[in-house]
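# A structural walkthrough
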Amino acid sequence: AQRVTQPEKLLSVFKGAPVELKCNYSYSGSPELFWYVQYSRQRLQLLLRHISRESIKGFTADLNKGETSFHLKKPFAQEEDSAMYYCALSSTGTASKLTFGTGTRLQVTL
Amino acid sequence: GAGVSQTPSNKVTEKGKYVELRCDPISGHTALYWYRQSLGQGPEFLIYFQGTGAADDSGLPNDRFFAVRPEGSVSTLKIQRTERGDSAVYLCASSLSASGRAFTQYFGPGTRLTVL
């Protein structure tokens, strides 16, 4: 069975501070990992996926297969980063559902 | 262009009633997904269509839930004999392809279902 764990329901940081949103997964095959974000009153949208190896809005995430983690990081938090963040996984290369974690609310304060 | 749309945005019904939730995917997207999101939880997969056929319905909780996509575009999620536990936000997503780099799922705004 595949599972995604986001241990923090809420992460509160000051503007300009580094951010790390934790994500651990359990999957027997070769997973593809994603981070989705939901800003207030907006729909869920893709932030980044590990195969793209992109940096979106200053966020990066590295897949660590040894630790089965895919933590989301940003060196300097901005107020506009305040949102709900979901880590998700699917099977690689096949048509497949996304399995989501329970989400972490990031709150960036002045 | 237009994103994924869902109607209605809110639906209040009574226990035991039948409801239909509609999803209009992005034009040209062959894959369509339904998820359910309960309060405080992440989206939970229900069913996935590739074209007109249900490729994976393993997430449907029981036989009260059914979904169709007769022409390979619009999809309807149908819930019979609704129960209070069915109350949730029902999300629809579509993708251009079901695999490979075109796999990105684009989500609709959701339908909030409340069963009284």
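Above this text is the structure in question.
Cut-offs applied
- Residues numbered from 1 in each chain as written.
- Chains lettered and ligands numbered in written order.
- Predicted model: local features only at pLDDT ≥ 70, side-chain atom pairs only at ≥ 80, totals over all residues.
- Heavy atoms only, no water.
- Pairing = 2+ DSSP bridges.
- Helix = DSSP H or I, 4+ residues; strand = E, 2+ residues; numbered from the N terminus.
- Contact = heavy atoms within 4.5 Å.
- Buried area = accessible area lost by both parts, 1.4 Å probe.
- Salt bridge = Lys/Arg side-chain N within 4 Å of Asp/Glu carboxyl O.
- Polar contact = N/O pair within 3.5 Å; in protein donor to acceptor, adjacent residues only side chain to side chain.
- Core = buried A, V, L, I, M, F, W, Y, C linked by side-chain atoms within 4.5 Å.
- Buried < 20%, exposed > 50% of the residue type's maximum accessible area, 1.4 Å probe, protein only.
- Disulfide = S-S within 2.5 Å.

## Here we look at the sheet that holds strand S3 (residues 19-21) of chain A
Residue and element names in this part refer to chain A. Taken in spatial order, the 3 strands of this open sheet run S3-S8-S7, and their pairing is antiparallel. One side of each edge strand has no neighbouring strand; the edge strands of this open sheet are S3 and strand S7 (60-61). In this structure, S3 lies alongside strand S8 (residues 72-74), joined through 3 bridges in antiparallel fashion. Bridge pairing links Leu-21 to Leu-72 in S8.

## Observations concerning the interface of chain A and chain B
At the junction of the two partners, chain A supplies 20 residues and chain B supplies 23 residues. Considering only the surface of chain A that becomes buried against chain B, A:Arg43, A:Arg49 and A:Lys97 emerge as the three largest contributors, covering 29% of it. Applying the counting rule to chain A against chain B returns 0 salt bridges. Applying the counting criterion to the chain A and chain B interface returns 6 residue pairs in polar contact (both at pLDDT 80 or more).

## Here we look at the nonpolar core
Among the nonpolar cores identified, the biggest contains 24 residues, and A:Trp35, A:Leu47, A:Leu48, A:Phe70, A:Leu72 and A:Tyr85 are the most heavily contacted of them. Contributions of two or more residues to this core are made by strand S2 (10-14), S3, strand S5 (31-38), strand S6 (45-49), strand S9 (83-91) and strand S11 (104-109) of chain A. If you tally residues by element for this core, the top one is S9(A), at 4 residues. Beyond its immediate sequence surroundings of up to four residues, A:Tyr85 is in contact with A:Gln6, A:Leu21, A:Trp35, A:Tyr36, A:Val37, A:Leu47, A:Phe59, A:Leu72, A:Gly103, A:Thr104 and A:Leu106. Residues B:Trp34, B:Phe65, B:Ala88 and B:Val115 belong to the second largest nonpolar core, which totals 20 residues.

## Quick look at the state of the cysteines
Between two cysteines, a covalent bond joining their sulfur atoms is known as a disulfide. Residues and elements named next belong to chain A. Taken as a whole and judged by the stated rule, the model has 2 disulfides over all chains. Between the sulfur of Cys-23 and that of Cys-87 lies a disulfide, 2.0 Å long from S to S. Handedness of the Cys-23-Cys-87 disulfide follows from its S-S torsion of about -65°: it is left-handed. Here Cys-23, found in the loop between S3 and strand S4 (24-26), pairs with Cys-87, found in strand S9; they are 64 residues apart in sequence, far enough to count as distant.

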